[in-house]
Amino acid sequence: MSEFIVDGLWKGPVVDQHIHLDRTNRYFSAIEDFVRVGGTGIMLVHKPDFRNLPIDLTTYNEVYTQTISMAQEVREKFSIDVGVVLGPHPVAWEHQIDSLGLEKSTELQISAVNLALEFIENGQAHCLGEVGRPHYPVSQDRWLVANQMLEEIMQSAAAAQTPIQLHVEDNGSQTYSELSAMAQKVGLPLSRTIRHYAPANVSPNFTHGLSCTVSVGSGSVAKIIETHSGSEVMWGMETDFLDDPRRPGAVLGPKTIPKRTNELCQLLLSENNESVVEELLLNIHSNWPRELYGIDF
Ligand SMILES: [Zn+2]
C-alpha cells in the first residue's frame, strides 16, 4: 500500500521546478490554479522585463528583491514550498550588446551573477539561473563570448557550491555533451548542472550526467517512461510558465505539472506495483529537488 497513491491518483508532493510569475499579470491566480489541482511547491525563476532591462547593479538588486518578495508572498498565501532562482537571462545579455556594447553587457551579466550568488549565500535564494547562452543563432564573436562567459559563470557557481539552471539552445544530446565538458573543466558537479527546458529523454546517455527539468508538454510522459532508469540522472518537471499577457498559457500552463504527474502515475501503475511508482514520484517531486536546492519539498 502506498501512502500517496489513492485510487490510482497521486496525492504526494508535486513541484514545478521552473515557473515565472508577474505581479502585473496572473500572479496569485496562476498559483491558485496550480494548488487546486495538487501542486505543492515551485522554484520561482526570476522573470526579466525584456522591455526594461536593468543597466546597472542597483536596478538588478531591485528586481531580484522583487522576485524574493513575491516568493515570500506566495509562501504566505498558499502555504506551499517556494524556492528562488536568481540570475541574469542570457537573452538579456544578447539584446543589451546592441545598446551597451559587448564588453559592458558582459560585465553587467557577470556582476549580476555575483549579486545573485550573494542572495543565495545569505539564504534568500536557492539556485543560480536562468543563465546560459542564447537559444538562437548569433554571430561567431557573440557565440564565442557567450561560451567564455558561461564557463566563468559555471566556475563561480562551482566556487559558491550552488546549483545552476541553464537556459540553452535545443540541440539534443550535443548540447548536453558541450555543457558537461564545460562543467567538468571548471569543477562544477554535473548533478548540480541543471538543464532547463529539457527534452523528455532522461537517459544518462542522452543527458551526459547533467540534471534536467523536463518541459512536460504532450507526449513527454511516454518518452520519460521509455528513457528513465534508476537514479543516475536527477530530473524534474517544469512548465516555464511565463505569466505574460502577450503569450497566455506559454510555455505550459500552471496546471500542467499535476496533470502530467497523474498521467505518469497511471501509466506506471499499469506495469509496476504501487511502491515502485511511489518511490519514483517521490524522487521526482521531493528527494531530487531537495538534494538540488536544499529545500524540504
Ligand atoms: Zn524560464
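Residues numbered from 1 in each chain as written. Predicted model: local features only at pLDDT ≥ 70, side-chain atom pairs only at ≥ 80, totals over all residues. Heavy atoms only, no water.

1. Thoughts on unusual backbone geometry
The condition that has to hold: Put simply, DSSP H or I for four residues or longer makes a helix, DSSP E for two residues or longer makes a strand, and each gets a number counted from the N terminus.
With an omega dihedral of -15°, the bond running from G129 to E130 counts as a cis peptide bond. Summarising the element assignment, E130 is placed in strand β6 (residues 127–132). In the segment running from A250 into V251, the intervening peptide bond is cis, with an omega of -5°. Tracing the chain through its elements places V251 in the loop between β10 (235–238) and α9 (256–269).

2. Overview of the coordination of the zinc ion
The line we're drawing: Water is absent from the atoms considered, so a metal site may look incomplete; donors are defined as N, O and S atoms within 2.8 Å of the metal, or 3.2 Å for Na, K and Ca. Irregular is the default label, applied whenever a site is not tetrahedral (four donors, all angles between 85 and 135 degrees) and neither square planar nor octahedral (four or six donors, opposite donors over 155 degrees apart, all other angles between 65 and 115). A simple rule labels every residue: compare its accessible area, found with a 1.4 Å probe on the protein chains alone, to the largest value its type can have, and call it buried under 20%, exposed over 50%, or partly exposed in between.
Distances from the zinc ion to its protein donors, namely H18 (NE2), H20 (NE2), E130 (OE) and D240 (OD), fall within the range 2.2 to 2.3 Å. Around the zinc ion, the four donor atoms are arranged such that angles at the metal cover 86 to 174°; this shape is classified as irregular. We classify E130 as buried; its relative accessible area is 3%.

3. Overview of the pairing of strand β4 (residues 41–45)
For the record, the criterion: Strand pairing follows a simple DSSP-based rule, namely that at least 2 bridges must link the two strands. By convention, a crossover is right-handed whenever its connection, traced from the first strand over the helix to the second and viewed with the strands pointing away, goes clockwise.
Counting buried positions along β4 yields five of five residues, so the element is predominantly enclosed. Across three bridges, the pairing between strand β3 (residues 15–19) and β4 is parallel. From the neighbouring strand, V15 faces β4, where its bridge partner is G41. A crossover connection joins β3 to the parallel β4 through helix α1 (residues 28–36); in handedness this β-α-β unit is right-handed. Handedness of the β-α-β unit built from β4, helix α2 (residues 57–78) and strand β5 (residues 81–86) comes out right-handed.

4. Description of helix α6 (residues 172–186)
Stated precisely, the cut-off is as follows: Working rule for helices: expected span equals 1.5 Å times residues minus one. By arc we mean the arc of the directions from the helix axis to the C-beta atoms, nothing more.
Here α6 spans 22 Å end to end across 15 residues, near enough to the 21 Å set by a 1.5 Å rise per residue. Among the residues making up α6, those that are buried are T175, Y176, L179, S180, M182, A183 and V186. The buried side chains of α6 occupy one side of the element, clustering within an arc of 165° when seen end-on. Turned more than 90 degrees away from the buried face of α6 sit Q184 and K185, all of them exposed. Residue G187 follows α6 closely and has a positive phi angle near 80°.

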